[in-house]
Amino acid sequence: MSKLTENEPLNRELVTLPGSAAFQSQYFLRDTAAGVITGAMAIPLTIGIAIMSDYPIKVGLATVAFACLIGWINAWLRPGNFIGAPGIAAGLAPVLAMGVATFGWENMAFCIFLTSVMQAIIWKFNWQRFLLVAVPVYLVEGLLAGVGLKILLKFSEFTYEIPEELVTETFWNTARIQMAAISAVGLGLFLFLFSKFKDTQPAIPYFVLIIGGALLAQFVNVPMINVEDIDLHFKLPLPQADVTFLMFGYMVLFCAMLAIVDVIEQVMSNAAIEKIDPLKRKTNSNNSLLAIWIANMGSSFFHGMTNLDGLAKSTTNKLAGAMTKFSVLVIGGVVCFFTFNPHYLNYLPKFALAAIMMFTGYKMIAGLVHVTHHGPYALILAILTGGLVYQVGIFEGLLIAMAVHGVIHFLVYTNHDHIPGKEVVKRYFENLKKDSSSHLQ
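Please read these numbers as outputs of a predicted model, since none were measured by experiment.

### Here we look at the overall build of the protein
Along the protein, the regular secondary structure elements total 17 helices and four strands. Computed over the C-alpha atoms, the radius of gyration of the protein is 23 Å, within 12% of the 22 Å expected from 2.2 N^0.38 for a compact globule of 441 residues. Based on the C-alpha atoms only, the size of the protein along its principal axes is roughly 70 × 70 × 45 Å. Sorting the 441 residues of the protein into buried and exposed places 52% on the buried side.

Structure follows, in structure tokens:
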């Protein structure tokens, strides 16, 4: 769409203005191709994160498909970012696994519903501006690094796993050595291709690894992914009768942490997605949160998971040619196909999935490099947070790190700057309000 400013010469260069965030006919083919490519890349990532979360793979796929539909509809009404691709968050995988272990699978639907309600409140009052100040970015980067280490170590076990019939009393038998060698070659090939195509076609290493692994599996006996074809059904996300008052209280704290981390990670991703937008459109993070909580609330009715617009898939979506959120609808269509035809996923070897997820874990750990811009204190605290998250858990680790952060600042202000304790607390809330206001400008 072009527009000439009144009383300006007719030979002036036309100014191209962005159109709809959800669909533009001129980009139909580009968005369709980008959606197919990104959708194919999203499949193994979704499988890996679902496994890490102790969720059925089919539920993870259904969550992504539903989130894509909601994201596209939201783009018609209140667009947040313009090329972000929804998916289940790798950074929240251990949290969901902890929830399954603590509250039981039957109560996780209610947890996701409660999480979405909290996110709806955050969206309604635009509290994401306060969260960005209250929880420093470097703490979140440290949290993600700890989670990344968990993911890397978890899937490293797949690199030497062999079929049960090949297991012997000798651990490193011929079959296991062969499997480790195949995994090493696959990971090396993936890293080489990613370094070569990361700025042009980052989906290529995923395609090569998956297709190559599937072909190799026809000649070599390697462990394969087993997707349980469970029934997806709608059910009210209500807590089960065995939930005690104490458990409910812990569940509320758990969901608050889940909601806050999901929101912060989305806002951080939005900042990066805005930078890579091909049309340089401004992102409205609060509008993105609208799509997130609606998708989370809807997915809780079929026992689904949390979602956000991940940076890895969004970058692939952009480099594949996406210009509008129509590509997200195509991504959802691709994922939906495999949701209802999960038997095709049984051709995916575990070693190929391991390479993809180990790389994902590494990228999360490498995010600590960004913290160096905040200085040595931030880097030390981020590393401490990562260690705590890995050692004691994401919930407890983040709380301990935030407490340490608060105590250090309090001691510095009271002992070094000789500021009264009450004044330190008062100044904190005044700065919180001031910084959040400046963040909106």
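### Concerning unusual backbone geometry
Excluding glycine, residues mostly carry a negative phi; peptide bonds, for their part, are mostly trans. Positioned with a positive phi, Asp54 is a non-glycine residue whose angle comes to about 60 degrees. Position of Asp54 relative to the elements: it lies in the loop between helix 1 (28-52) and helix 2 (57-77). Asp54 sits in the partly exposed class, given a relative accessible area of 47%. Despite not being glycine, His303 has its phi angle at roughly 65 degrees, a positive value.

### Topic: the side chain of Arg281
Relative to the elements of secondary structure, Arg281 occurs in the loop between helix 9 (245-276) and helix 10 (285-299). Judged by its relative accessible area of 5%, Arg281 is buried. From its side chain, Arg281 meets the backbone oxygen of Met323 in a polar contact 2.7 Å long.

### What about the environment of Tyr27?
With respect to the helices, strands and loops of the structure, Tyr27 is situated in the loop between strand 2 (15-16) and helix 1. Setting aside anything within four residues of it in sequence, one finds Tyr27 in contact with Leu279, Met323 and Thr324.

### A word on the state of the cysteines
In the structure shown here, the tally under the stated rule is zero disulfides. Residue Cys111 stays outside any disulfide, its sulfur separated by 4.2 Å from that of Cys255, the closest cysteine. You can call Cys111 buried: its relative accessible area is 0%. The thiol of Cys336 is unpaired, and the distance to the nearest cysteine sulfur, on Cys68, comes to 10 Å. Looking at Cys336, the relative accessible area reads 30%, which means it is partly exposed.

Calculation rules
- Residues numbered from 1 in each chain as written.
- Predicted model: local features only at pLDDT ≥ 70, side-chain atom pairs only at ≥ 80, totals over all residues.
- Heavy atoms only, no water.
- Helix = DSSP H or I, 4+ residues; strand = E, 2+ residues; numbered from the N terminus.
- Rg over C-alpha atoms; globule rule 2.2 N^0.38 Å.
- Buried < 20%, exposed > 50% of the residue type's maximum accessible area, 1.4 Å probe, protein only.
- Polar contact = N/O pair within 3.5 Å; in protein donor to acceptor, adjacent residues only side chain to side chain.
- Contact = heavy atoms within 4.5 Å.
- Disulfide = S-S within 2.5 Å.

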